[in-house]
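Examining the three-dimensional arrangement
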Amino acid sequence: MKAVVLAAGQGTRMRPLSESIPKPMLPVADRPLAAHTVDAAIDAGATEVVLVIGYEAETVREYFGPEYRGVPISYAIQEEQAGTADAVNAARDHLEGPFAVLNGDNLYDPAAIDRLFDACPAICAIEVADPSNYGVLSTEPGRDGSVTGIVEKPAEPPTNLANAGAYAFPAEAREWLEVPESERGEHEITDVVAQVIDEYDVTPVTLERWLDVGRPWELLEANEWKLADLERRIDGDVSEDARLEGAVVVEEGATVEPGVVIEGPALIREGAEVGPNAYVRGATLIEADAEVGHAVEIKNSVISRGTSVSHLSYVGDSVLGRHVNFGAGTNVANLRHDDDDIRFTVKGERVSTDRRKFGVVAGDGVKTGINTSLTPGLKLTTGATTMPGETVERDR
Ligand code: TTP
């Protein structure tokens, strides 16, 4: 079966991280977010993957190329992000036979994609405690009843099965991709699903685990998930005076200097330098060519390519973009005194992250002056700077 992977979105809720890198290409453990989806499709037996690209399309194309893991990759351009059905419709000329559609910004448990392909026509669902914020499936009575409909954000959810954005469609669905605009002004795939449900028995395939990566803290959660799957491997240059505990991966070309303690899961990528005397813990990703220097503690964070946190700093539960430079003594607060959940601004609105601990999100090229203090849930936009000794309490 061919798999269509949607990767054309602008990722507006992921800003500033998605300003230079399209969201599907943001790092999750050892590969971009969308590569986890493409891998799941290939592991499930996809014969070809059609990537729908648009925003920052070349970055996606460069990574996957014409063939990836021995499977042909083709590309469909979606000129304008007019909705998920419109995105699949952009791939229409590539389709024949039954086909799967997966979101390039969702993490699925890979075994479930296998089951999805086998059960075609089928739709992935996840059991959630409060379904009222999701598209919710209604099903025929009985444990394995087929899907009878999807309702968006219902006040009275018919089941607790949330739509997990992964579908296996019969060949005929290719003719049903042109759906009218929804109330949101988008051409939505759920309207295609509605037609499939009318004509076919659609099996719900329940996922054990699923994550929709839309906002910066969900990128942290994605890394928490996928870093935990890593197996210990030390290929880099590690000092005898460093202590590496648990699932730590140090790639070839990375350096870990004396006095460093790393508690896994952690991934130190090629060309990164850690230490001397640094402490890395939690699920932490230190990307290629990043530098974590003397007396720096990094906890549960993503430190992107080429970023330096060189002296006397604490960074917890944070995402630092590319080529960020934290001046000596820059410290991140990741916990409120009142223990309340940390809030973060998404598209101009303050929303709860549902996390007690969350630090900062710094866009590419942010530079902080020495002894900068950064408060929880802070967003520093691409290229923002701070003065020496500043306490930053408002996004900039
Ligand atoms: P969304 O998460 O709804 O959109 P987005 O990724 O652009 O993010 P944001 O809302 O923060 O701006 O999209 C779900 C998936 O579908 C995602 O993988 C992107 C993809 N998509 C397209 O490929 N084309 C589209 O027109 C839309 C709306 C989404």
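Residues numbered from 1 in each chain as written. Predicted model: local features only at pLDDT ≥ 70, side-chain atom pairs only at ≥ 80, totals over all residues. Heavy atoms only, no water.

**Description of the overall build of the chain**
A count of helices and strands for the chain gives six helices and 39 strands. Taken against the 2.2 N^0.38 rule, which gives 21 Å for 396 residues, the C-alpha radius of gyration of the chain at 22 Å falls within 12% of a compact globule. For the chain, the C-alpha atoms occupy an extent of roughly 65 × 45 × 40 Å along the three principal directions. Sequence-distant contacts in the chain: of pairs separated by 6 or more residues, those separated by 24 or more amount to 49%. Counting every atom, the chain has about 16,600 Å² of accessible surface; 43% of that belongs to carbon and sulfur. Counting 35 positive and 68 negative side-chain charges, the chain places the centres of these two groups 5 Å from one another. (Helix = DSSP H or I, 4+ residues; strand = E, 2+ residues; numbered from the N terminus. Rg over C-alpha atoms; globule rule 2.2 N^0.38 Å. Contact = heavy atoms within 4.5 Å. Areas by Shrake-Rupley, 256 points an atom, 1.4 Å probe, with all protein chains shown as cover. Lys, Arg positive; Asp, Glu negative; His and termini not counted. Charge placed at Lys NZ, Arg CZ, Asp CG, Glu CD.)

**Details of the domain arrangement of the chain**
Here the chain is partitioned into domain 1 (2–214) and domain 2 (225–392). If you average the C-alpha positions of domain 1 and of domain 2, the two centres end up 31 Å apart. A combined buried area of about 1,600 Å² lies between domain 1 and domain 2, and 67% of that area is made up of carbon and sulfur atoms. The largest share of the area that domain 1 buries against domain 2 comes from Pro 16, Leu 17 and Ala 29, three residues that together contribute 32% of it. (Domains from an automatic or database assignment. Buried area = accessible area lost by both parts, 1.4 Å probe.)

**Some details on the sheet that holds strand β24 (residues 284–286)**
Ordered by their spatial adjacency, eight strands build an open sheet running β15-β18-β21-β24-β27-β30-β35-β38, and the pairing between neighbours is parallel. Each edge of the sheet is formed by a strand with only one pairing partner; in this case those strands are β15 (233–234) and β38 (378–380). Here strand β27 (residues 302–303) pairs with strand β30 (residues 319–320) via two bridges, running parallel. Paired with Ile 303 across the strands is Leu 320, a residue of β30. (Pairing = 2+ DSSP bridges.)

**What about the sheet that holds strand β31 (residues 325–326)?**
Pairing in this open sheet of seven strands is parallel, and the strands run β16-β19-β22-β25-β28-β31-β36 from one edge to the other. Where the open sheet ends on each side, the last strands, each with one partner, are β16 (237–238) and β36 (367–368). Sheet topology note: the strand β19 (residues 255–256)/strand β22 (residues 273–274) ladder contains two bridges and is parallel. Bridge pairing in β22 links Val 256 to Val 274.

**Focus: the state of the cysteines**
Under the counting rule described, the total for this entry stands at zero disulfides. Between Cys 120, a free cysteine, and Cys 124, which holds the nearest cysteine sulfur, the sulfur-to-sulfur gap is 12 Å. (Disulfide = S-S within 2.5 Å.)

**A few points about the pairing of strand β12 (residues 161–169)**
Taken across its nine residues, β12 has nine buried, putting it largely inside the fold. Examined bridge by bridge, strand β7 (residues 99–103) and β12 share four bridges and lie antiparallel to one another. Residue Val 101 lies in a different strand from β12, and its bridge partner there is Tyr 167. Bridge analysis of strand β9 (residues 122–127) against β12 gives five bridges, and the strand direction is antiparallel. (Buried < 20%, exposed > 50% of the residue type's maximum accessible area, 1.4 Å probe, protein only.)

**With respect to the pattern of salt bridges**
Per the stated rule, a full pass over the model turns up 26 salt bridges. For Asp 105, the salt bridge goes to Lys 23, with nearest N and O atoms at 2.7 Å. In this pair, Asp 105 sits in the loop between β7 and β8 (106–108) while Lys 23 sits in the loop between β1 (2–7) and β2 (27–28), placing the two residues 82 residues apart along the sequence. For Lys 23, a relative accessible area of 6% gives the class buried. When salt bridges with common partners are traced through the structure, they connect Asp 30, Arg 31, Asp 39, Asp 43 and Arg 69 into a single cluster. (Salt bridge = Lys/Arg side-chain N within 4 Å of Asp/Glu carboxyl O.)

**Some details on the environment of Gly 54**
One can find Gly 54 in the loop between β4 (48–53) and α2 (57–64). On the accessibility criterion, Gly 54 (27% relative accessible area) is partly exposed. Filtering out sequence-adjacent residues up to four positions away, Gly 54 remains in contact with Ala 7, Ala 8, Gln 78 and Gln 81.

**Observations concerning empty space enclosed by the protein**
Using the criterion set out here, one finds two cavities of 30 Å³ or more in the structure. Taken as a whole, the largest cavity holds about 60 Å³ of empty space. The residue makeup of the lining of the largest cavity, split by class, is six nonpolar, two polar and two charged. Looking at which domains feed residues into the lining of the largest cavity, each of domain 1 (2–214) and domain 2 (225–392) gives three or more. By volume, the second largest cavity is sized at about 30 Å³. (1 Å grid on protein atoms, 1.4 Å probe; cavity = no way out; pocket = protein on both sides within 12 Å on 5 of 7 lines; lining within 4 Å. Points joined across faces, edges and corners; volume = space filled by probe spheres on them. Nonpolar A, V, L, I, M, F, W, Y, C, P; charged D, E, K, R; others polar.)

**Observations regarding the packing of helix α1 (residues 33–43) against helix α4 (residues 110–119)**
α4 packs onto α1 with a crossing angle of 50 degrees between their chain directions and a minimal axis gap of 8 Å. Considering their axes alone, α1 and α4 lie oblique with respect to each other. At the point where α1 passes α4, the crossing takes the right-handed sense. Here α1 contributes Ala 40, Ala 41 and Asp 43 to the contact with α4, which in turn contributes Pro 110, Ile 113, Asp 114 and Phe 117. Across the contact of α1 with α4, the residue classes tally to five nonpolar, no polar and two charged. (Axes fitted to C-alpha atoms, helices over the stretch in contact; angles between N-to-C directions. Parallel < 35°, antiparallel > 145°, perpendicular 65-115°, else oblique. Left-handed = near helix turned anticlockwise from the far one by under 90°.)

**Let's talk about the nonpolar core**
Counting residues in hydrophobic clusters, the biggest one holds 69 residues, and the most contacted among them are Val 49, Leu 51, Phe 64, Ile 113, Leu 116 and Phe 117. A total of seven residues in this core trace back to one element, the largest contributor, which is α1. Inspection of this core shows a minimum of three residues originating in each of domain 1 (2–214) and domain 2 (225–392). Not counting chain neighbours up to four residues away, the residues in contact with Leu 51 comprise Val 5, Ala 7, Val 38, Val 60, Phe 64, Ile 73, Ser 74, Tyr 75 and Ala 76. Leu 244, Val 260, Ala 266 and Val 274 belong to the second largest nonpolar core, which has 34 residues in total. (Core = buried A, V, L, I, M, F, W, Y, C linked by side-chain atoms within 4.5 Å.)

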